[in-house]
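Listed below, chain by chain, are the residues.
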Amino acid sequence: MIYCFLDYTTPYENLAGEYYLATEKTFDEDVFLLWRNKPSVIVGKYQNTLEEVNLAYTSAHGIHVARRMSGGGTVYHDLGGWQFTFITRDAGDAIEFDRFMQPITDALRSMGLDVRTTGRNDIALYPAGSERGYKISGNTQYKKNGVTVHHGTLLFDTDFDEMVRATTPKDYKITSKSIKSVRERVTNIRPHLPEDMTDVQFRDALAAYMTDKTYSLTEDDRARIRELAETKFADPKWNFGANPKFEIEHELHLPGGTVELGLTVKNGVIQSAGIRGDFFAADGETENLAACLTGTEYTADAVTAALTEVCERLYGITAEAIAKVIFG
């Protein structure tokens, strides 16, 4: 495995660097990246930015808003947190978390921390003497041209108050109660280390655990990363996108995540479809889902039949579950 530190501090350059190293730069080995951002809100590929971000607050406080290439939910980054990425050549379509979360938990345990994988894609820390775990890492991934890109957050010394103020989750408002709620569910790594580390010491310890091989970006690499940052990842069309209105809106809470499905139906036939949410999918599968539904009869059997194959490539989402929610 080769380690590369992305020394940028904006999400546009870091996401561009990750994408470049995954899709354009060829390595004979897997790649491990560490990076971090100045205060930023990062939305999942399939989410509606306008619903997830407190844009008045982020604009007033200079907080970046960006969209990543992977599914999953909205996350907050600042210089008190680290982000990690695994890049591996893998032709499989299935979303797989444990394979990449395990090395991170092993590295954190080597630092004297009691950490465990929880839920579908999280890592929790159990403070000394406590039977309760607190989230320190959320994970997601995407696949592109036979390459798997798995990335996750590490809450090292993050400002949770700002995390709450910059985002607008549907289940709470920006109040002191909501900040307290977040603090009851998440924690930072730093206070629980047996011996204190600075943010840089923590980064270096994590990298050293993974590998002793390193790669430094060249000037040509940086030029291409700047180009990708400017033309794609900082583009408002990518970060905010189009959110068309549909005649019928369904919100589905499924094992693979929340799915917001929009449909326009005329004369008993689906004319158009769209999908948003914090779920995980193989590259291009949301477009395939919309295409499969377009022209389909608006019945449970027809929708199930149309979606069965494409749902095999959506993590934790079945055609039967979608049809059951839509048609009761």
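For the structure itself, consult the block above.
Per-chain numbering applies: the sequence of each chain, read as written, is numbered from 1 onward. With the structure being a predicted model, the display of local features is reserved for residues of pLDDT at least 70 and the display and counting of side-chain atom pairs for 80 or more, all residues being used for whole-chain, interface and lining totals. Remark: hydrogens and water are excluded; side-chain values derive from all non-hydrogen atoms of the structure.

Caption draft 1: View of the sheet that holds strand β3 (residues 40-43). The strand order across the open sheet formed by 3 strands is β4-β3-β5, and the pairing between neighbours is mixed. Two strands lie at the open edges of the sheet, namely β4 (64-67) and β5 (75-77), each paired on one side alone. Strand-to-strand, the axes of this sheet are offset by a mean angle of 25°, without reference to chain direction. Pairing between two strands requires that DSSP report at least two bridges joining them. Counting from the N terminus, the helices are the DSSP runs of H or I reaching at least four residues and the strands are the DSSP runs of E reaching at least two. When β3 meets β4, the two strands line up parallel, connected through 4 bridges. Residue pairing across strands places Ser 40 opposite His 64, the latter belonging to β4. Whether two residues are in contact is decided by their heavy atoms, any of which lying within 4.5 Å being enough. Angles here are taken between N-to-C directions and fall from 0 to 180 degrees, while the axes themselves are lines fitted to C-alpha atoms, restricted in helices to the stretch in contact. Across the sheet, helix α1 (residues 11-23) touches β3 and β4, and the angle it forms with β4 is around 25°.

Caption draft 2: Expanded view of the packing of aromatic side chains. For Phe, Tyr and Trp, rings pair up if their centres lie within 6.5 Å, where Trp contributes its six-membered ring, and each pair is then called stacked (planes under 30 degrees apart), edge-to-face (over 60) or tilted (otherwise). This structure, assessed with the given rule, holds 14 aromatic pairs. Between the aromatic rings of Tyr 19 and Phe 233, the centroid separation amounts to 5.8 Å while the plane-to-plane angle is 65°, which identifies the pairing as edge-to-face. Here Tyr 19 is found in helix α1, whereas its partner Phe 233 is found in helix α8 (residues 219-233), with 214 residues between them in sequence. Accessibility assignment for this pair places Tyr 19 and Phe 233 in one class, buried. Ring centres of Phe 233 and Trp 238 lie 6.3 Å apart, and the angle between their planes is 80°; on these two criteria the pair is classed as edge-to-face. For the exposure calls, accessible area comes from a 1.4 Å probe over protein chains only, and a residue counts as buried if that area is under 20% of its type's maximum, exposed if over 50%, partly exposed in between. Overall, Trp 238 belongs to the buried group, its relative accessible area being 18%. Every member of this aromatic cluster is reached through a ring pair, and the members are Tyr 3, Phe 32, Phe 84, Phe 86 and Phe 100. Either the NZ atom of lysine or the CZ atom of arginine qualifies as a charge over a ring when it sits within 6 Å of the ring centre and within 35 degrees of the ring normal. Sitting over the ring of Phe 5, Arg 203 keeps its end group 4.4 Å from the ring centre. Positioned above the aromatic ring of Phe 233 is the side chain of Lys 232, whose terminal nitrogen or guanidinium carbon lies 5.7 Å from the ring centre.

Caption draft 3: Local environment of the pairing of strand β8 (residues 122-125). Residues Asp 122 and Ala 124 line one face of β8 and the alternating positions Ile 123 and Leu 125 line the opposite face, and both faces are buried. Pairing geometry for strand β7 (residues 115-118) and β8, over 4 bridges, is antiparallel. Residue Thr 117 lies in a different strand from β8, and its bridge partner there is Ile 123. Sheet analysis places β8 next to strand β9 (residues 134-144), joined by 4 bridges and oriented antiparallel. When the bridges of β9 are listed, Ile 123 appears paired with Ser 137.

Caption draft 4: Looking closely at unusual backbone geometry. One non-glycine residue, Asn 145, lies in the positive phi region at around 50°. When you line up the elements, Asn 145 lands in the loop between β9 and β10 (147-155). By relative accessible area, Asn 145 is classed as exposed at 70%. The phi dihedral of Asn 267 is positive, around 55°, even though this residue is not glycine. The exposed category is assigned to Asn 267, whose relative accessible area is 72%.

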